[in-house]
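# A look at the structure
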Amino acid sequence: MKQIKNILLLFMILLTLGSCSFYSPKPDRYYFNKMEPIEWKDEYVFSATWYPSQIQVWNSKTNKLEHTYELCTDNENWVNNKSRYMDVFCMSVINKCIWFVGVGLQTSLIRLEVETGEMKYIDLDFDPEEVVAIPEGNNGKGAIVVASYADPRFGVKVNVLDTEGNILVKSDIEFNYIEMYSLKNCFYEDGNYYVLCCEDYKSTKDYLVKYKIVKLIDNNKAYFTDDIPIDIIINEQTYDKFFKNNVEDFNSALSLSTSKLETNRFAVLTLTDVDDTYNVRRCLFKVNSLKNNDIEYTGIRFAKEYSKSMFSVAEYKDNIFITGRVLHGDPEGFSGLEIGMYPAEGGDEIQRCRLLGGNQLYCHMTEDATWFSKNLFECIDHPYPEKQEWNTNTVPGIYKLDYKTQQVYEYNADGSYTILPWIMP
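A few points on the structure. Quick caveat, the model's predicted, so the values are computed rather than measured. (Residues numbered from 1 in each chain as written. Predicted model: local features only at pLDDT ≥ 70, side-chain atom pairs only at ≥ 80, totals over all residues. Heavy atoms only, no water.)

### Brief notes about the overall build of the protein
Each helix and strand in the protein was counted, giving five helices and 31 strands. With the model as given, the accessible surface of the protein reaches about 21100 Å², and the carbon-plus-sulfur share is 48%. (Helix = DSSP H or I, 4+ residues; strand = E, 2+ residues; numbered from the N terminus. Areas by Shrake-Rupley, 256 points an atom, 1.4 Å probe, with all protein chains shown as cover.)

Encoded structure:
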């Protein structure tokens, strides 16, 4: 009898292992491969959400939500983790197509054509991390730059594609001790693509950090240009502002920010005290040319008991607007984006405005406004929750910063809105 039980037990184990080996979940492209086609309108603005995953199409004239691309098979069961979904990690729009990095069971670069609804998965030899559309690229026909995760130990893979998804250039940039923070805001200048990075992301004591520029394309190769002279970044004008309180040891990084115009770029220098990681200072530089190392300090820095990232920057007449996610240390426990308005000639923050649930997946920038994405479901933050709870009784929304009127609007799907208050420093 005992021998029979052992045989039955062995059979059950083999059956279980066999069933597991035969289970193969369907790829993301099985569930997300065709969307409803819609007629293109030049007044469209786009947003991307998490919680759950969507790409939304808004009308900038009516301020209404016109269409939603669902990237979740069942929104109601999303909160129970019982549906397939694909998160948007990075997004760009060009030539009536939405390009985004979708992350589900796989990580994919996807081209979604608005007028046909066709979704094209681009075959790459790496997992994409960031994507950016360059209208001036590829001899004015438009180009797509996509990059892998930039690992300071190994390097980064960068491909340049045409707007149909054909690969034009493959670059495999190998390096050690280089921190390349973002390729999604690469700088296009005189037919080449550039990105800022730092060598030896560590203490700036004795000025060990070297700020560098990578030229992504030159005869189908990528290489480092000359170092950015350190005195452009740290000089008599900026020393006292950066090294206030006699702090000598801190980490630093220099990266480009999303800007309103290709010809109006900004870079953010992030300084973190080695002995106090909550002591973060962010300083804004204007980038006139990377080819000629033409970078100037704006006189704007952000350092408080709490801090925000610098996700997007827009300059309009006498003001510069900086928007980013509120980071650690916020006394109100706020989660979302914060807009700060600063004088263009440099100086302290004039006023700020908070966008609850705003995210940094994508912002749509025009000549006179920036539209910021807003997540749909709201997380209910109980102390020590056994299971994360969500408020699903919400409506889609989007935020708009109007440079001219200096008003910030929160729009609902039907076009109704609330004007959000500015907070004085």
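### A few points about the nonpolar core
With 23 residues, the main nonpolar core has Phe46, Tyr69, Met91, Ile98, Phe100 and Met119 as its most contacted residues. Mapped by element, the contributors of at least two residues to this core are strand S1 (44-49), strand S2 (54-59), strand S4 (87-94), strand S5 (97-103), strand S6 (107-113), strand S7 (119-122) and strand S25 (358-365). Ranked by residue count, the leading element in this core is S1, at three residues. Apart from residues no more than four positions distant in its own chain, Phe46 is found in contact with Trp40, Gln56, Val57, Met91, Val93, Ile98, Val114, Tyr362 and His364. (Core = buried A, V, L, I, M, F, W, Y, C linked by side-chain atoms within 4.5 Å. Buried < 20%, exposed > 50% of the residue type's maximum accessible area, 1.4 Å probe, protein only. Contact = heavy atoms within 4.5 Å.)

### Points about unusual backbone geometry
Between Tyr51 and the following residue, Pro52, the backbone shows a cis peptide bond with an omega angle of -10 degrees. Within the element layout of this structure, Pro52 appears in the loop between S1 and S2. Backbone geometry places Lys96, a non-glycine residue, at a positive phi of 65 degrees. Within the element layout of this structure, Lys96 appears in the loop between S4 and S5. Of the residues examined, Lys96 reaches a relative accessible area of 37% and is grouped as partly exposed. One non-glycine residue, Gln406, adopts positive backbone phi at about 60 degrees. Position of Gln406 relative to the elements: it lies in the loop between strand S29 (397-402) and strand S30 (407-412).

### Notes on the packing of aromatic side chains
Scanning the model with the defined rule gives 15 aromatic pairs in all. Ring centres of Trp40 and Phe46 lie 5.9 Å apart, and the angle between their planes is 25 degrees; this geometry places the pair in the stacked category. Take Trp40: its relative accessible area is 19%, and that puts it in the buried class. Owing to a relative accessible area of 1%, Phe46 belongs among the buried residues under this scheme. Taken together, Trp371, Tyr409, Tyr411 and Tyr417 form an aromatic cluster joined through their ring pairs. Here Lys26 stacks its cationic end above the ring of Tyr30, 5.1 Å away from the centre of that ring. (Phe/Tyr/Trp six-rings, centres within 6.5 Å; stacked < 30°, edge-to-face > 60°. Lys NZ or Arg CZ within 6 Å of the ring centre and 35° of its normal.)

### Observations concerning the pattern of salt bridges
Per the counting criterion, the structure on display carries 15 salt bridges. In this structure, Asp172 engages Lys157 in a salt bridge whose closest nitrogen and oxygen atoms are separated by 3.0 Å. Residue Asp172 is found in strand S11 (residues 167-174), and its partner Lys157 is found in strand S10 (residues 155-162); the two are separated by 15 residues along the sequence. We classify Lys157 as partly exposed; its relative accessible area is 27%. Ionic pairing is found between Arg354 and Glu338, a salt bridge with its closest N-O pair at 2.8 Å. Pair noted here: Arg354 is in strand S24 (residues 351-356) and Glu338 is in strand S23 (residues 336-343), with a separation of 16 residues, a long-range link. Taking the relative accessible area as the measure of exposure, Arg354 reaches 13% and is therefore buried. Judged by relative accessible area, Glu338 falls into the buried class, the value being 0%. (Salt bridge = Lys/Arg side-chain N within 4 Å of Asp/Glu carboxyl O.)

### Topic: the sheet that holds S29
In space, the five strands of this open sheet follow the order S25-S26-S29-S30-S31, with antiparallel pairing throughout. At either end of the open sheet lies a strand with only one pairing partner, and these are S25 and strand S31 (417-419). Each strand of the sheet is rotated relative to its neighbour by a mean of 25 degrees, with strand direction disregarded. (Pairing = 2+ DSSP bridges. Axes fitted to C-alpha atoms, helices over the stretch in contact; angles between N-to-C directions.)

### Details of the environment of Ile167
Relative to the helices and strands, Ile167 is located in strand S11. Residue classification places Ile167 among the partly exposed positions, given a relative accessible area of 32%. Every residue in contact with Ile167, bar those within four places of it in the chain, is listed here: Asp123, Leu124, Asn159, Val160 and Leu161.

### A word on the sheet that holds S1
Ordered by their spatial adjacency, three strands build an open sheet running S1-S2-S3, and the pairing between neighbours is antiparallel. A single partner strand is all that each edge strand has here, and the edge strands are S1 and strand S3 (65-70). Ignoring strand direction, the axes of neighbouring strands in this sheet form an average angle of 20 degrees. Where S1 meets S2, six bridges bridge the pair, whose relative direction is antiparallel. Residue pairing for S2: Val45 is matched across the bridge by Trp58.

### Some words on the side chain of Asn63
Note on placement: Asn63 falls in the loop between S2 and S3. Asn63 gets classed as buried once you look at its relative accessible area, which sits at 14%. When sequence neighbours within four positions are dropped, the list of residues in contact with Asn63 reads Trp58, Trp371, Tyr411, Asn412 and Gly415.

### A word on the pairing of strand S21 (residues 312-316)
Counting buried residues in S21 gives five out of five residues, a clear majority hidden from the surface. Side chains of S21 alternate between two faces, with Ser312, Ala314 and Tyr316 and Val313 and Glu315 buried alike. Where S21 hands over to strand S22 (residues 319-325), the hairpin turn is made up of two residues, of which Lys317 adopts a positive phi near 55 degrees.

### A word on the side chain of Arg282
Mapped onto the elements of the fold, Arg282 is located in strand S19 (residues 276-289). One buried charged side chain, Arg282, makes no salt bridge at all; its nearest oppositely charged neighbour is Glu338, positioned 10 Å away. In this structure the side chain of Arg282 is engaged in a polar contact, spanning 3.4 Å, whose partner is the backbone oxygen of Lys308. The residues touching Arg282, leaving out its near neighbours within four places in the chain, are Val268, Leu269, Thr270, Ile300, Arg301, Phe302, Ser307, Lys308, Ser309, Met310 and Leu327. (Lys, Arg positive; Asp, Glu negative; His and termini not counted. Polar contact = N/O pair within 3.5 Å; in protein donor to acceptor, adjacent residues only side chain to side chain.)

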